[in-house]
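Observations on the model geometry
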Amino acid sequence: MSNDLIHWRDEHVSILVDLSGPALPRILHWGADLGHHDDTLLEELADTVDPQRVSDETDDLVVATVLPLESAGWVGEPGLSGHRSGRDFAPKFVRTDPPEIEETDDVRRITVRAADAEAHLELIWTIEMLPGGLVRQRNRVTNTGTSTYELTGLLCAYPVPSNAGELLDLTGRHLRERTPQRSPFTIGAHVRDNRRGRTGLDGSILTFAGAPGFGFEGGEVWATHLAWSGNHRLVAERAVRGTRLLSGGELLAPGEMLLEPGQSYESPWWYGAYGDGITEASARFHTYLRSRPQHPRRERPVTINTWEAVYFDHDLGRLKALADNAARVGVERFVLDDGWFGARRNDRAGLGDWVVSADAWPDGLAPLIDHVRGLGMEFGIWVEPEMVNPDSDLARAHPEWILSPGGSRLPMSWRHQQVLDLTDEGAYQHVLGQLDGLLRDHDIAYLKWDHNRDLLEAGDRHGHPAVHRQTLAAYALMDELLRRHPGLEIESCSSGGGRVDLGVLERACRVWGSDCLDALERQQIQRWTTALIPWEMLGCHIGSDSNHTTGRKQSLGFRAATAFFGHFGIEWDLTKVDSETLDDVAAWVTAHQAVRPLLHAGRAVTGDHPDDQLWVYGVVAQDGGDAVFALAQRGTSLEAPTGRVRLPGLQPDVTYDVRPLVPGNKVRGTVVKAVPWWDNGFRASGAALSRMGLIAPTQYPEQAVLLRVTRAEESS
Ligand code: DGJ
């Protein structure tokens, strides 16, 4: 292979990188597979990519390299920005070494070193292609001068072609995370700046550019994601000279990244997934996440979380009764939520004091943990290690451990809490010691790691901006606890789904999608969260029949079918549920357990059903032989009866048996109008199911049915 032109192909995607010349590399193509090209063909191809010259432009051609800069004529969002006391504001990098190209079974990697000898900066750019055709890149900048260099921005960029005429990114709020928004990709920059100090409930965990109208099943699409849990900038920019870039990186506060002589800054990974449709792009993230050694391999234990069952009312008798009923319905992990420590009888006090409350738990946690373990369940517990209530022993003893803008002023309070300065060694060691002690003294398999506020005006005790270092310190704290307690699992929660990113997911094995358990809202939250992560990494619980955050009343069938695909659980006071309903819940747990290996290893697929009130999605086994689908009727449809629904992702030439997945149509509360095949199922080819579709049952709004679709046995 030519060392100037690197062409990687995997799973229907190609990336072609030009490493020629002294300038920084260019990505000449990232998208659909170009097929095999030998060196000669590649060179011919590379010779054709530059546009012709037009009027009123630089004498040399302006090309967007992987770090677009003014020195190369780029006048859009700069790849790198910074200065040295107002000088060295416009660097120009020249390559210093031959590129390093590594190819192993796990990863393909290019590393390029460059420098600006006059601005005294060094740059290392890295790009990788990962299992499943996912790509990622990052930059490392080093100050080689003798004075301080302030780095104010460092973005990585992917070029997308001109048929990427539409943008889709995500926004949201507490209780309504992952709301999609589409817009035309017009000239200018669509910028999503985040100064929340966390990924954000409104954070765009994916930015898509695609062919107008792209959907889940088709339409070329380029998806990007930043693996970072702190402040960030995401930019989709289109320039009049025909360049379209998707860029992302950390958003640095003034003075936050002062590089002293010899110091470096490394950006978070900026991921890219190309697909013919969102499902294909998402599959690249899923394949990669599943390929990592830390990905959870054992079956995801069905979980009960106590939050919406008891809130802060920690009463041993009540919680034991909850555990009894949880065990009765088949729960495998019991998670004690907020309220077990310090003076935490409500959300105004105690945060930061990670010692078991003698008031709430006079005999400690052992009586509950022993009871839970005796019932055959694992025990998990809630913590919020980065936070502190001013009304806590910790804040009283160490007011200097609270992040603030400097001076005597504290940032605005949020849920009556402030942020503990984990960049302070004393604070870090204190919270590490308390959590380590908690885990050493108790039989705890799982931490629900919460983070319930934005980081406003977050400076350390010297008044320096701290979000970057705080984010790394939170990662380090998780890493250290995982190192000290092998087998421990961590869930990333942040007011619900406020910290969902591949940075925290290097150490957390699942995320909490939202504080909203309303199944209708959850349909949307889950659809877009699983566009990034596979189902087994998303906690999905059956909530109460009368929802606590929306007031909607929903059937068990809809709530359970909605939670069914994910890391399944319950967040509902089962002590107030009658025996018949407990049996129904148990039937759902059993049904989930029966298909859990399929749901958590198969390919997630989403259909583009033309009626947006009826969502069709499922998981198909990697060999195409088995599948579960959901038909979720969200609201009322204009047309009734429902008519044909196509099932995506099946093998066209395989014959399948289709039948309702019990108990989806059996338990009380789900209303399904009979369709001719409902009782006995039917047999059809994958081609017929995906092209002609099946007659779907007409459902009331806020109902869902599940279908099991299995390869037909030859003999039957
Ligand atoms: C926010 C979380 O998302 C909830 O599930 C719950 O753990 C509360 N915090 C507890 O304070």
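Reading the values: the criteria
- Residues numbered from 1 in each chain as written.
- Predicted model: local features only at pLDDT ≥ 70, side-chain atom pairs only at ≥ 80, totals over all residues.
- Heavy atoms only, no water.
- Pairing = 2+ DSSP bridges.
- Helix = DSSP H or I, 4+ residues; strand = E, 2+ residues; numbered from the N terminus.
- Axes fitted to C-alpha atoms, helices over the stretch in contact; angles between N-to-C directions.
- Contact = heavy atoms within 4.5 Å.
- Domains from an automatic or database assignment.
- Salt bridge = Lys/Arg side-chain N within 4 Å of Asp/Glu carboxyl O.
- Polar contact = N/O pair within 3.5 Å; in protein donor to acceptor, adjacent residues only side chain to side chain.
- Nonpolar A, V, L, I, M, F, W, Y, C, P; charged D, E, K, R; others polar.
- Phe/Tyr/Trp six-rings, centres within 6.5 Å; stacked < 30°, edge-to-face > 60°.
- Buried < 20%, exposed > 50% of the residue type's maximum accessible area, 1.4 Å probe, protein only.
- Lys NZ or Arg CZ within 6 Å of the ring centre and 35° of its normal.
- Near = heavy atom within 4 Å.
- Areas by Shrake-Rupley, 256 points an atom, 1.4 Å probe, with all protein chains shown as cover.
- Core = buried A, V, L, I, M, F, W, Y, C linked by side-chain atoms within 4.5 Å.
- UniProt positions renumbered as here; feature names shortened; annotations may be inferred.

What follows is about the sheet that holds strand S28 (residues 510-512). In space, the eight strands of this closed barrel follow the order S21-S22-S23-S26-S27-S28-S29-S30, with parallel pairing throughout. The average angle at which neighbouring strand axes cross in this sheet is 30 degrees, direction not considered. Across four bridges, the pairing between strand S22 (residues 333-336) and strand S23 (residues 378-383) is parallel. Each residue of the ladder has a partner; that of Val335, found in S23, is Gly380. Where helix H5 (residues 366-374) meets the sheet, it contacts S22 and S23, and its direction lies at approximately 140 degrees from that of S23.

For the chain, the domain assignment lists domain 1 (5-291), domain 2 (303-601) and domain 3 (605-711). On a C-alpha basis, the centroid separation for the pair domain 1 and domain 3 is 39 Å. The partner domain 3 presents six residues to the six residues of domain 1 that form the contact. Remark: the boundary between domain 1 and domain 3 carries zero salt bridges. Joining domain 1 to domain 3, the criterion identifies three residue pairs in polar contact (both at pLDDT 80 or more). For the side of domain 1 that touches domain 3, the residue count by class is one nonpolar, three polar and two charged.

Attention now moves to the packing of aromatic side chains. Applying the stated criterion across every chain yields a total of 25 aromatic pairs. Each ring, one from Tyr271 and one from Phe285, has its centre 6.4 Å from the other, and the planes form 50 degrees; the classification is tilted. Here Phe285 lies in helix H2 (residues 278-291) and Tyr271 lies in strand S20 (residues 270-276), a separation of 14 residues in the sequence. Exposure class is identical for Tyr271 and Phe285. Each is buried. Geometrically, the ring pair formed by Trp340 and Phe341 is edge-to-face, given 5.0 Å between the ring centres and 75 degrees between the ring planes. One exposure class covers both Trp340 and Phe341, and it is buried. By the ring-pair criterion, three or more aromatic residues cluster together here, those being Trp535, Phe564, Phe565, Phe568, Trp588 and Tyr617. When the ring centre of Phe185 is taken as origin, the NZ or CZ atom of Arg244, which lies over that ring, is 5.7 Å away. Of note, Arg559 hangs over the ring of Trp572, and the distance from its end group to the ring centre comes to 4.5 Å.

Another point: the site of the ligand. In the vicinity of the ligand lie 13 residues, with Asp337, Asp338, Lys448, Asp450 and Asp515 positioned nearest. One of the side-chain N or O atoms of Trp512 is found 3.5 Å from an oxygen atom in the ligand. In isolation the ligand has 290 Å² of accessible area, and contact with the protein removes 98% of it. Along the lines of polarity and charge, the residues of the shell around the ligand split into four nonpolar, three polar and six charged.

Here we come to the pattern of salt bridges. It is possible for side chains of opposite charge to pair when their charged atoms get near one another. Enumeration over the complete set of coordinates arrives at 54 salt bridges. Among the ionic pairs, Arg182 bridges to Glu166, the shortest N-O distance being 2.4 Å. With Arg182 in strand S12 (residues 179-184) and Glu166 in strand S11 (residues 166-171), this pair connects stretches of sequence that are 16 residues apart. By relative accessible area, Arg182 is classed as partly exposed at 43%. A relative accessible area of 17% means that Glu166 is categorised as buried. We note a salt bridge from Glu299 to Arg596, for which the minimum N-O separation is 2.9 Å.

On to the pairing of strand S4 (residues 80-83), then. Burial along S4 is one-sided: the residues Leu80 and Gly82 are buried and none of Ser81 and His83 is. Sheet topology places S4 next to strand S10 (residues 149-159); four bridges connect them, and they run antiparallel. Note on S10: the bridge partner recorded for Ser81 is Gly153.

Moving on to the nonpolar core. The biggest cluster of nonpolar side chains holds 158 residues, and the ones touching the most others in it are Trp30, Phe208, Phe334, Trp340, Phe564, Phe565 and Ile570. Element by element, the count of residues in this core is highest for helix H11 (residues 579-599), at nine residues. When near neighbours in sequence (up to four residues on either side) are disregarded, Ile570 contacts Thr303, Ile304, Asn305, Val329, Val331, His541, Ile542, Val585 and Val589. By size, the runner-up hydrophobic cluster in this structure holds 23 residues, among which are Val620, Leu650, Val705 and Val709.

For the rest of this paragraph, the subject is the UniProt feature "domain: Glycosyl hydrolase family 36 N-terminal" (unreviewed entry) in the chain. In the numbering adopted here, UniProt assigns the feature "domain: Glycosyl hydrolase family 36 N-terminal" (unreviewed entry) to residues 24-259. Measuring from the first to the last C-alpha atom of residues 24-259 gives 22 Å, for a span that is 4% helix and 43% strand.

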